[in-house]
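Next come the chains, spelled out residue by residue.
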Amino acid sequence: MNQKIVVCGAGTMGRSIAQLAAQNGYSVVLYDLQANAVQTAQLMIGEDLERLVAKGKLNGQEKDQITSRITYTTNTADCTGDLIIEAVVEILEVKVELFQCLQKHNPPSTILASNTSSISIASIANELEHPERVAGLHFFNPATIMKLVEVVKTEHTSPQVTDYLMNFARSLQKTPVLCRDAPGFIVNHAARPYYLESLYLHKKGVPLEMIDELLEQSGFKMGPFRLLDLIGNDINYAVSDIVYQQLGKPNRLQPSLIQKAMVEKGHLGRKTGKGFYDYK
Ligand SMILES: NC(=O)c1ccc[n+]([C@@H]2O[C@H](COP(=O)([O-])OP(=O)(O)OC[C@H]3O[C@@H](n4cnc5c(N)ncnc54)[C@H](O)[C@@H]3O)[C@@H](O)[C@H]2O)c1
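Every value quoted in this text rests on a predicted model; they were computed, and no experiment measured them.

A.B. asks: Just to check I follow, could you spell out helix α8 (residues 192-203) for this structure?
C.D. replies: Each α-helix turn comprises 3.6 residues. Residues three or four places apart therefore point the same way. Look at α8: 16 Å from first C-alpha to last across twelve residues, which is about the 16 Å you get at 1.5 Å a residue. All buried positions along α8 are accounted for by Arg192, Tyr195, Ser198, Leu199 and His202. Along the long axis of α8, the arc covered by the buried residues comes to 160 degrees, so they all point the same way. Just beyond α8, the residue with positive phi is Gly205, at close to 110 degrees.

A.B. asks: Is there a simple way to explain unusual backbone geometry in this structure?
C.D. replies: Working note: non-glycine residues mostly have negative phi, and peptide bonds are mostly trans. Pro142 follows Asn141 through a cis peptide bond whose omega is -5 degrees. Position of Pro142 among the secondary structure elements: in the loop between β6 (134-139) and β7 (148-153). Backbone geometry places Gln173, a non-glycine residue, at a positive phi of 65 degrees. In this structure, Gln173 sits in the loop between α6 (159-171) and β8 (175-180). In this model, Phe185 sits at a positive phi of 50 degrees, which is unusual for a non-glycine residue. Mapped onto the secondary structure, Phe185 falls in the loop between β8 and α7 (187-190).

A.B. asks: Quick question: what am I supposed to make of the packing of helix α2 (residues 35-54) against helix α3 (residues 60-69) here?
C.D. replies: Any two packed helices are characterised by how steeply their axes cross, that is the angle between the axes, and by the distance between the axes. Orientation of α2 relative to α3, taken along the N-to-C sense of each, is 160 degrees, at an axis distance of 10 Å. The angle between α2 and α3 falls in the class roughly antiparallel. Handedness of the α2/α3 crossing: right-handed. Residue-level contacts link Gly46, Leu49 and Val53 of α2 to Gly60, Lys63, Ile66 and Thr67 of α3. Of the residues in the contact of α2 with α3, the class split is three nonpolar, three polar and one charged.

A.B. asks: Help me understand the nonpolar core, please; the structure alone is not making it clear to me.
C.D. replies: Within soluble globular proteins, side chains that are nonpolar tend to cluster in buried spots. Core analysis: the largest hydrophobic core is formed by 66 residues, its most contacted members being Val7, Ile17, Val28 and Leu30. A domain-level breakdown of this core finds at least three residues from each of domain 1 (4-180) and domain 2 (192-272). Not counting residues up to four positions away in its chain, the partners in contact with Val7 are Gly14, Ile17, Ala18, Val28, Leu30, Ile85 and Ala87.

A.B. asks: Would you explain the pairing of β7 in this entry?
C.D. replies: Consecutive side chains of a regular strand alternate in pointing toward one face of the sheet and then the other. Burial analysis of β7 places five of its six residues in the buried class, which makes it a mostly covered element. As judged from the six bridges shared by β7 and β8, these two strands associate in the parallel manner. For Val151, the partnering residue across the bridge sits in β8 and is Leu178. Regarding the hand of the β-α-β motif, the stretch spanning β7, α6 and β8 is right-handed.

A.B. asks: Is there a simple way to think about the sheet that holds strand β1 (residues 4-8) in this case?
C.D. replies: Two modes of strand pairing occur in sheets, parallel and antiparallel, and in both the strands are linked by backbone hydrogen bonds. Across the sheet, eight strands lie side by side as β3-β2-β1-β4-β5-β6-β7-β8; this open sheet has mixed pairing. Looking at which strands have only one partner, the edges of the open sheet turn out to be β3 (70-73) and β8. Across the sheet, the mean angle separating the axes of adjacent strands is 25 degrees when strand polarity is ignored.

A.B. asks: Before we go on, may I ask you to explain the environment of Ser158 in this structure?
C.D. replies: With respect to the element layout, Ser158 can be found in the loop between β7 and α6. In this structure, Ser158 is in contact with Glu132 and Arg133, ignoring residues within four places of it in sequence.

A.B. asks: Teacher, can you tell me more about the site of the ligand here?
C.D. replies: With respect to spatial proximity, 29 residues lie near the ligand, and among them Gly9, Gly11, Met13, Ala37 and Asn141 are the closest. For the shell around the ligand, the secondary structure elements donating two or more residues are α1 (12-23), α4 (92-105), β6 and α11 (233-246). The element best represented in the shell around the ligand is α1, accounting for three residues. Taken together, the residues that form the shell around the ligand break down as 15 nonpolar, eleven polar and three charged. Two domains each provide a minimum of three residues to the shell around the ligand, namely domain 1 (4-180) and domain 2 (192-272).

A.B. asks: Sorry if this is basic, but what is going on with the pairing of strand β5 (residues 111-114) here?
C.D. replies: Neither face of β5 is open: one carries Ile111 and Ala113, the other Leu112 and Ser114, and all of them are buried. Judged from the four bridges that link them, strand β4 (residues 83-86) and β5 form a sheet pairing that is parallel. Directly across from Ile85, in β5, lies its bridge partner Ala113. Viewed along the sheet, the connection from β4 through α4 into β5 turns out right-handed.

A.B. asks: What is the right way to read the domain arrangement of the chain from this model?
C.D. replies: Interfaces are frequently sized by the accessible area removed from exposure as the parts join. Parsing the chain into structural domains produces domain 1 (4-180) and domain 2 (192-272). Using only C-alpha atoms to locate each centre, domain 1 and domain 2 end up separated by 26 Å. Across the contact, six residues belong to domain 1 and nine residues belong to domain 2. When the residues that make up the side of domain 1 that touches domain 2 are grouped by side-chain class, the tally is one nonpolar, four polar and one charged.

Calculation criteria
- Residues numbered from 1 in each chain as written.
- Predicted model: local features only at pLDDT ≥ 70, side-chain atom pairs only at ≥ 80, totals over all residues.
- Helix = DSSP H or I, 4+ residues; strand = E, 2+ residues; numbered from the N terminus.
- Expected span 1.5 Å × (residues − 1).
- Buried ≥ 20, exposed ≤ 12 C-beta atoms within 10 Å, placed from the backbone.
- Arc of directions from axis to C-beta.
- Axes fitted to C-alpha atoms, helices over the stretch in contact; angles between N-to-C directions.
- Parallel < 35°, antiparallel > 145°, perpendicular 65-115°, else oblique.
- Left-handed = near helix turned anticlockwise from the far one by under 90°.
- Contact = placed C-beta atoms within 7 Å.
- Nonpolar A, V, L, I, M, F, W, Y, C, P; charged D, E, K, R; others polar.
- Core = buried A, V, L, I, M, F, W, Y, C linked by C-beta atoms within 7 Å.
- Domains from an automatic or database assignment.
- Pairing = 2+ DSSP bridges.
- Right-handed = clockwise from strand over helix to strand, strands pointing away.
- Near = placed C-beta within 6 Å.

And the structure:
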C-alpha cells in the first residue's frame, strides 16, 4: 500500500488511529507539537503491539513491520501525505490554524479530515483553501478496536472525497457511516443524555460507582463514569458544551458543573492518572 497517512495529535485518539493505519499496511507520520506526547505515543503503541504478540494475534515479524511503518515527528514540515487526519484538542481555532499551516506543505489533492467529535466541519472548511477536500472522519475510542467510523460531509465536500474516506475506513476493517455535518453528528448527539443524566444523578447524591455498576448490569458495555475517564473529561466536557451551544442551549443538554470542576482541577481521567477513579 503506497498511500501515506499523516495523523496530527499523538494523544488518546491520534496514537490509536496511527497504529490502526499502520496495522492495515499504511505508512504513517504521527505528529504532535509536544515532544513528550510523541514519546508517550511511541511507547504506548509499542506496548499495545507487544500485547497483541503475547495474545498470538501478531507474530514478531508483523509487529516489527507495523512499527517500521510509523514515523514520529514534532515538525509540521514532515506532515505531507495523501490524507491528513487531525486529532488535536477539541478547539476550533487550534484545528483551523493547524490545517492552514499544513495546506502550505501539501498539494490541493491531499484530503484534510478531522476526527472532531463535535466541531462543525464546515466551520473548519470555510477557513481553508479547497473546502471540497475537507471532511470529518470520526473514529471511536479506542480506534484500534471500535468498529464504527462516522464520515462527515459538508455541502462543499466532494463525492470523491467522501468515497475515498468510506473506502479508507473499510480498508481499516471498519464500518463507515456517512453523516451530515450536524451538532454531535449522530453518535455524540444521541449519547449526550447518557453522560449528562448520569452526572446529574451523581450531583443529587447517587454514588458514581453505583451508577456505573447498575448501567453495566443493565447491558451498557461501560458505565458512564468509567467511559468519561476513558474519553477524557476535557474532551467530553468540550463536546457537551459545543453541542449545547450549537443546538441553542436547551436546558436538557446543559453541561455539568461537576465535570467542569474536574477539568479545572486537571482530573481528566486515565490520561492524567485521575478522573472519577484513580489510575495510578
Ligand atoms: N477521547 C475520545 O474518546 C475521542 C473519541 C473520538 C474523537 N475524539 C476527538 O479526537 C480529538 C483528539 O482527542 P484526544 O482524546 O485524542 O485528545 P488528547 O488530549 O488525548 O490529545 C490531544 C493531543 O493534541 C496535541 N495538540 C494540541 N494542539 C496541537 C497542535 N496545534 N498541533 C499538534 N498537536 C497538538 C496535544 O499535545 C495532545 O497530545 C478531539 O477532536 C476529540 O474530540 C476524541
